[in-house]
Amino acid sequence: MEIQTIRKTPEARSAAQLPDPDGARAGFSWEQAREMLDGLPGGGLNIAHEAVDRHARGAGATRPALIWLGRDGDRREITYARLADDASRFAGVLARHGLGPGDRLYLLAGRVPELYTAALGALRAGLAVTPLFAAFGPEPIRMRMEIGAANVLVTTAALYRRKVAEWRTELPSLKLVIVIDDAAPEGCAAWTTEMAAAQKLEDCAATDPEDTALIHFTSGTTGRPKGVIHVHQAVLAHALTGRYALELAPGVRYWCTADPGWVTGTSYGLISPLVNGATMIVDEAEFDVARWYRILDEEAVEVWYTAPTAIRRLMRAGKKAAAGHDFTKLRHLASVGEPLNPEGVVWGEEVFGRPFHDTWWQTETGAIMIANTAAMDIQPGSMGKPLPGITAGILRRTDDDALEECGPGETGELALRPGWPSMMRGYLGEEARYRKAFDEGWYLSGDLAQRDTEGFFWFVGRADDLIKSAGHLIGPFEVESALMEHPAVAEAAVIGLPDETAGEVVRAYVALNPGHEPSADLEQDIRGLARKRLGPAVAPREVSFRDNLPKTRSGKIMRRLLKARELGLPEGDTSTLETEDKPAPTPQGGTA
Ligand code: ATP
Ligand code: MG
């Protein structure tokens, strides 16, 4: 199938609230964008104030901020006024324990309302917040809490007993553990008792825009996860990009499927929708095809932000699984976390009547940098264009180690001009690594991409994943997308393996759709298609079948593990690896 530009109808365009990035860039300044925010007296800025307090005091008070869908069928609507009230009370709990600016709170819980209250309450009280993914084992949790010298942990009694109790006394910085249960294990405080005993913290902490607000750990796709520091000022980027790339506005019913344990689930599963006054759908349960279609339909979701790994799983279940549902309310679909193959974009059109809009960003950028917006025609397979306020470039190193910009269609490192509000302010405890990410006035992302003559950006692969074969530079994404065109292929990963003559040879791994069995004929057929699409120099020499590809718990394919296993090398940090003995998590947008 040749995939062509998806042209937006005039209706789809006029439903888009804003002009396309090219049209908006000229008159844009971050200073002016600050009008989207309220601010604190004296020039202060606090994410919680922007996210809930100002709506709770205005016309948004009775609007649902959060619609919570419990695993067992409970459904709760929490208004902005209620959320602001609960967050103020939780801020009071922290203040009562003498905790405030300079302290660090960690979250370790499933998607329950208290998690959202605790995050907002802690920000309001001036603490820095680090969400952890609840499915992590004891070691990854301990490592992250040690790196960040955690002072407070909000978790559940069950998670505490299983994953924290054993080593808690070895983390002297940890002063308080609050469990979201009525009965607390020894040495912990109970949420209900604490909330009942506390006074609301009436005044939001007078945080400075440059005070640390969030510390996020990266997904660990390429190595040991890094603790990325973000400040309150980031909320300006959350506000603008949510509005611009996700069409968020007051009352819009919005579902971000990412867990707050990853940056997507915090930036766009908590802060951005609330700052924009939207209504967030939060599902406690893990991924389930039938359940997800039901939620989209019954909750009348208008904007949906999800990840390629989830899209691939829905595709694998077949179109029939979506039959009988009404998706007419759905008007914007977006994706993040991994490259979105053209097949996925087009499948969105077929099942929901709308294409998926790819967006690109990283834990380090804190917010969406490059996106296909509702007002744009879509080139399936492209990440889109830089949002207003973002300058992106494609760079290469010259022989004397300087940086220069590549021309259209040339592959280079995707880089950004520092200065946007949600840019990371450091890697926790890794100053040298942080400094290395900047050079000649650019932030270097570690991803490779191309820009075409129309200004669209195309993802090529991670710099570490680039394959050099017989003089060709091959990006895994291009090869994977070609493999995905084969009807039998559900997922594909491509790596380079050392080879004496070619330097490296291209090796592909695929997982098949239901109804297809591995065979020599099928292998040949898949390779044949790839050769036709890509030519013999770029097509994989060999295609191996796997039941599942190794992924991070946020659903990203770990190419480095495939390579290490193939070559019998050490596997490196696998703390974020999804394994069979850990239940399959909900696929995330992992950027995170
Ligand atoms: P680590 O840095 O620990 O190896 P990670 O890079 O996967 O992990 P995140 O910050 O969660 O951690 O992910 C950001 C990365 O995800 C990007 O640098 C990019 O490689 C990939 N990514 C995100 N969105 C897209 C997209 N739309 N297209 C292609 N790749 C994407
Ligand atoms: Mg990264």
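Definitions and cut-offs
- Residues numbered from 1 in each chain as written.
- Chains lettered and ligands numbered in written order.
- Predicted model: local features only at pLDDT ≥ 70, side-chain atom pairs only at ≥ 80, totals over all residues.
- Heavy atoms only, no water.
- Salt bridge = Lys/Arg side-chain N within 4 Å of Asp/Glu carboxyl O.
- Helix = DSSP H or I, 4+ residues; strand = E, 2+ residues; numbered from the N terminus.
- Buried < 20%, exposed > 50% of the residue type's maximum accessible area, 1.4 Å probe, protein only.
- Contact = heavy atoms within 4.5 Å.
- Pairing = 2+ DSSP bridges.
- Axes fitted to C-alpha atoms, helices over the stretch in contact; angles between N-to-C directions.
- Domains from an automatic or database assignment.
- Buried area = accessible area lost by both parts, 1.4 Å probe.
- Polar contact = N/O pair within 3.5 Å; in protein donor to acceptor, adjacent residues only side chain to side chain.
- Nonpolar A, V, L, I, M, F, W, Y, C, P; charged D, E, K, R; others polar.

Asker: Quick rundown of the pattern of salt bridges? Include the residues and the values.
Answerer: Within the structure shown, the criterion is met by 41 salt bridges. With its nearest N and O atoms 3.0 Å apart, the salt bridge here joins R7 to D377. Highlighted residues: R7 in the segment before helix 1 (10-15) and D377 in the loop between strand 15 (370-371) and strand 16 (385-386), separated in sequence by 370 residues. For R7, a relative accessible area of 62% gives the class exposed. Overall, D377 belongs to the buried group, its relative accessible area being 16%. Among the ionic pairs, R111 bridges to D259, the shortest N-O distance being 2.6 Å.

Asker: Any chance you could break down the side chain of N151 for me, citing the residues and the numbers?
Answerer: Along the chain, N151 turns up in the loop between helix 7 (138-147) and strand 5 (152-155). Residue contacts for N151: discarding those within four places in its chain leaves L99, G102, D103, R104, S173, L174, K175 and L176.

Asker: Would you mind going over the sheet that holds strand 1 (residues 64-69) in detail, with residue names and values included?
Answerer: Strands belonging to one sheet form pairs held by backbone hydrogen bonds; the direction of such a pair is parallel or antiparallel. An order of 2-1-11-10-12-13-14-15-16 is seen for the nine strands of this open sheet, with the pairing classed as mixed. If you trace the sheet from one side to the other, it starts and ends with strand 2 (75-79) and strand 16, each paired once. Note that strand 12 (residues 303-306) and strand 13 (residues 332-335) share four bridges and pair parallel. When the sheet's bridge partners are listed, T306 is paired in strand 13 with S335. Along the sheet, helix 5 (residues 80-96) makes contact with strand 1 and strand 2, crossing strand 2 at roughly 80°.

Asker: Explain the domain arrangement of the protein residue by residue, including any values.
Answerer: Considered domain by domain, the protein is made up of domain 1 (10-451) and domain 2 (466-547). Between domain 1 and domain 2, the C-alpha centre-to-centre distance is 34 Å. In this complex, domain 1 contributes nine residues to the contact, which on the side of domain 2 involves 13 residues. Here domain 1 packs against domain 2, burying approximately 960 Å² in sum over the two surfaces, 61% of which is carbon and sulfur. When the buried surface of domain 1 facing domain 2 is broken down by residue, R316, N341 and E343 rank first, second and third, together holding 55% of it. The tally of links from domain 1 across to domain 2 stands at one salt bridge. For R312, the salt bridge identified is with E491, shortest N-O distance 3.3 Å. For the interface between domain 1 and domain 2, the tally reads three residue pairs in polar contact (both at pLDDT 80 or more). For the side of domain 1 that touches domain 2, the secondary structure elements donating two or more residues are helix 13 (308-317) and helix 14 (342-352). In terms of residue class, the side of domain 1 that touches domain 2 is made up of four nonpolar, two polar and three charged.

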